[in-house]
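In case you want the letters, here they are:
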Amino acid sequence: MISNINVSHRTEPLDRSRPPEPGRASRAGFPPFAQLQLRNGVPLFIVENHGQAYVSLQLVLRSGSRSDGQLPGLATFTSELLLSGAGDRTMQQIADDVDYLGAVLDAGAGRDEITVRLGVLTRFLPQALAIMADAVLRPTFPSDELDRERRQSIAALKQNQSDPSYLAAVEFRRQLYRGTPYGTEIEGTEESLKKIRRQDCVQFHQQHFTAGNAFFVAAGDVNPEALLAMLNEHFGEWEGAAIEEAPFAEPEATATPRVVIVHRPGSVQSALRVGALGISRNHPDYVPLAIVNTLLGGYFNSRINHNLREVNGFTYGARSSVDAPLHIGTVSVTTSVRAEVTASALREIFKELREIATYPVTEEELTMVKNYVVGSQALQIETPGQVASFVKAIALYGLPANYFDSFPDQVRLLDVEILLQVAARWFQPDRMVVIVAGDATAIQEELKELGPVTVVDEQGILSVEMPT
Amino acid sequence: MTQSSTLPPITFDRYHLPNGLEVILHQRAATPIVHVLVWYHVGSKDEPSDRTGFAHLFEHMMFQGSKNVGKTEHFTWVQGIGGVTNASTSQDRTNYFQTVPREYLGLALWLEADRMRSLNVSEENFQNQLSVVKEERKQRYDNQPYGLRYLTMLEMLFGGSSYGWGPIGDMAHLDAAPLQTVQEFHQQYYVPNNAVLILAGDFDPEEARRLIAEQFGDIPAGGAIQRQFNPALPLTQQLRHTITDQVPFPSVSIGFRSVPIGHPDQQALALLGNILGGGASSRLSQSIVHDQQLALQAYSFNLPQERDGMFLMQATAMHGVGVERLEEALWEEIEKLRTEGPTQHELDAALNKTEAALVRGLGSAQSVADMLAQCQVFQQDPARVNRLLDEYRSVTVDDLRRVAQHYLSPNSAAVLHYLPNGWN
């Protein structure tokens, strides 16, 4: 009888066909951040987190390659030279002092912003900040360093051009943004880099590195008052007004589909980009478009990756993306496929685009994507640096301070009709341009079914002789 | 200046199930997420030399269906709750992970247990992933500028041994592999006694132990793990090779055999790699890139593996610079290190950089889990994660000169030139 007691304690065999029930739901709210300002009015956003004895500090300027004017690459070139001599420090001294502190200090440009980034162990912050301040406020642009940087940049450009995905991306932007400030690459061209003079960098720095054009984002092991005092010491006297920006020349939308092949002889894969003009970060369609993009090609089990990789085995991976900058952005599908299936892969991509732009998504897909987007927010705010990048977006694009707090609720409100409307608006197949970086000889004939085919070389220059 | 700080210790509990599954629990409540990581102690070095690439192809199979989870459903489950999941294969191990909101710990464990217990892969899905892997190889190696540099260096340094090929392997070998090899591989290596399960994040330890016992406890242990490891013979002369391909500039790689993980010289070699070519103030950046303007970029690092290791230097020539001139300059830097050694100042900088990198890593559950896994699987000593900084700090400038002399010898180096088509 006693042994029966033991038997009665045995539970039913575990049902292994289903996962265990989830625990009580946790809600990871977006972490709080503070907004202070330096005595000259420069905003300072702070994400305080004392988990590690490490500080990330970004200085962001509201200028970027869109401010390059007649010299594509100028914003990038000027930013990179900040560390090539500043105050009474030479390039070697800057490199040596930064490395000695175990710090990371770099500067670079995007289309809409220039960012100077410092990452440093808390105990070395004061020394590192002094170097950063010299670089930002007192760069010397030594002529010999400028020539060296020019040679480096041109060589780096040539190196990029040997990568098929890079070639496709550049040609894509060239086709869509021709004649606008987004039509050139942030790193410039060989031609433009050869033209940049020291005076251009000095002027660009004077014009764009102003207090009125700047904000700071700090994250990590900082005491807000102490950091503010340190920043006031180094940047408190910085002057200069906000920049009056010239109106952005809007690109013209594509009327009919067209195909551009960037000829890369012998390429065993074709790097593809299919896309069209889209929206800015502030556009009311942004959230629904981002969501419909996620299920079209934004995560592993998206329609496009499933089709091209898991069903057809054309590729290692395929995705779609929404690029939404300060001004008009793009939507695109990106993949690399073996050369023989270039046309087949494009047919499948267009099939998926027609599908998403014509028919509502299923409720099942909608639930999946909502849960994904809402749930994954907790994963994206694990480190102070990650949180800082969201705060930077709030400041740069002028989003409401509670934007990421309310984001889950905005997502939950979406329904299949809204998603169909935005998909029909932005993923229309007949607005798409097709860029292929690959061997034109093997593929151009078959691609004519998609629209008129142009073949260009790696600089985007029209081939006089079509390869046959 | 370098010795003034200590890192907060990484705390963890370690135990094993009766079937041999090692478990490490690392609690951190900073964010309500949990990272679930499984390392199987099998990689490309365990492959027969006529079946290279199989461990990695098999990694893809682990997403193609098990008893209760169909093809691609692993992703569906994890994505449906806002998690992320992926896997990777190296020479020494294959890892699988998911990061999920804390309440879905049970789901992540169920998914990992189901595919540890059994796989259910059809011929069609096997062929599909074979195509995917072929495209992966093209995208990452064959169609990438300098894409064959790493694989060729492995062949030169470790040819004839189990480290002589990379995880991506030879596509002809994979074409020849029948479906049944998938089940055989699973039975041989994907058993609890060849795996480590690591949880890092926000969870209740009692509940975690209960869920782990429920999901993994009755998976039968496999047999003793058979390994055929062919060690590489020492290099007794300098090996040289040239590849001509569609690349923009010539490049020079110089490789040396170094040491396995856990060797007393491991940290000295890591610091040496940093001093020689690990950042803007490194010797290669200052001398070769900046002062002499011979290279577009130049770097070096030590890459220890479970049973062997390599020290690599790579430089891409500036426009108009010949490959011989560049190689000569690289050897000059090596020779300086071997005769004079680095300065204390350089060592201090390298230590500060190492500390900063460790501190940054502590911010992410995934990176802490990876560190624990590595110390557990290769050395059965997860507590080593808390001694790493001290190991680095015990290195002296004399150690650095000694390891430079010992390991970076021109007489046992592999030199690879990568030339653009039509170069002369």
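Residues numbered from 1 in each chain as written. Chains lettered and ligands numbered in written order. Predicted model: local features only at pLDDT ≥ 70, side-chain atom pairs only at ≥ 80, totals over all residues. Heavy atoms only, no water.

Visitor: Outline the sheet that holds strand 6 (residues 104–109) of chain A, supporting the account with residue identities and numerical values.
Guide: Residue and element names in this part refer to chain A. Read across the sheet, 6 strands follow the order 1-2-8-3-7-6 without closing on themselves; strand pairing throughout is mixed. This sheet does not close on itself; its edge strands, each paired only once, are strand 1 (34–37) and strand 6. Direction aside, the axes of adjacent strands within the sheet are offset by 15 degrees on average. Strand direction decides the pairing type here: strand 2 (residues 43–48) and strand 8 (residues 214–220), joined by 5 bridges, are parallel. Residue V47 lies in a different strand from strand 8, and its bridge partner there is A219. (Pairing = 2+ DSSP bridges. Helix = DSSP H or I, 4+ residues; strand = E, 2+ residues; numbered from the N terminus. Axes fitted to C-alpha atoms, helices over the stretch in contact; angles between N-to-C directions.)

Visitor: Can you explain the interface of chain A and chain B? Please cite residues and give values.
Guide: Listed as interface residues are 70 residues of chain A and, on the opposing side, 82 residues of chain B. On the chain A side of the contact with chain B, R16(A), Y100(A) and Y316(A) bury the most area, a combined 13% of that side's loss. For E310(A), the salt bridge is made with K71(B), and the minimal N-O distance between the two is 3.0 Å. At the junction of chain A and chain B, the tally comes to 41 residue pairs in polar contact (both at pLDDT 80 or more). Where the side of chain A that touches chain B is concerned, the elements lending two or more residues are helix 3 (91–100), helix 5 (143–160), helix 11 (303–311), strand 11 (315–323), strand 12 (330–338) and helix 13 (363–375) of chain A. Looking at which element gives the most residues to the side of chain A that touches chain B, the answer is helix 5 of chain A, with 8 residues. Each residue belonging to the side of chain A that touches chain B can be placed in one class, and the counts come to 31 nonpolar, 22 polar and 17 charged. (Contact = heavy atoms within 4.5 Å. Buried area = accessible area lost by both parts, 1.4 Å probe. Salt bridge = Lys/Arg side-chain N within 4 Å of Asp/Glu carboxyl O. Polar contact = N/O pair within 3.5 Å; in protein donor to acceptor, adjacent residues only side chain to side chain. Nonpolar A, V, L, I, M, F, W, Y, C, P; charged D, E, K, R; others polar.)

Visitor: If you had to explain the pattern of salt bridges to someone new, which residues and values would you point to?
Guide: Residue and element names in this part refer to chain A. Inspection of the entire model under this criterion finds 55 salt bridges over all chains. Among the salt bridges present, the one from E237 reaches R39, with a minimum N-O distance of 2.7 Å. Residue E237 is located in the loop between helix 9 (224–235) and strand 9 (258–263), and its partner R39 is located in the loop between strand 1 and strand 2; the two are separated by 198 residues in the primary sequence. Assigned by exposure class, E237 and R39 land together as exposed. When the shortest N-O distance is used, the salt bridge between K448 and E445 registers 3.2 Å. On the accessibility criterion, E445 (56% relative accessible area) is exposed. Where salt bridges share partners, they join R89, D97, D134 and R138 into one cluster. (Buried < 20%, exposed > 50% of the residue type's maximum accessible area, 1.4 Å probe, protein only.)

Visitor: Tell me about the domain arrangement of chain B, residues and numbers included.
Guide: All names here are of chain B. Taken domain by domain, chain B consists of domain 1 (13–216) and domain 2 (239–420). A separation of 28 Å is found between the C-alpha centroids of domain 1 and domain 2. The interface is formed by 31 residues belonging to domain 1 together with 44 residues belonging to domain 2. On the domain 1 side of the contact with domain 2, Y146, R149 and M156 bury the most area, a combined 23% of that side's loss. Applying the counting rule to domain 1 against domain 2 returns 1 salt bridge. (Domains from an automatic or database assignment.)

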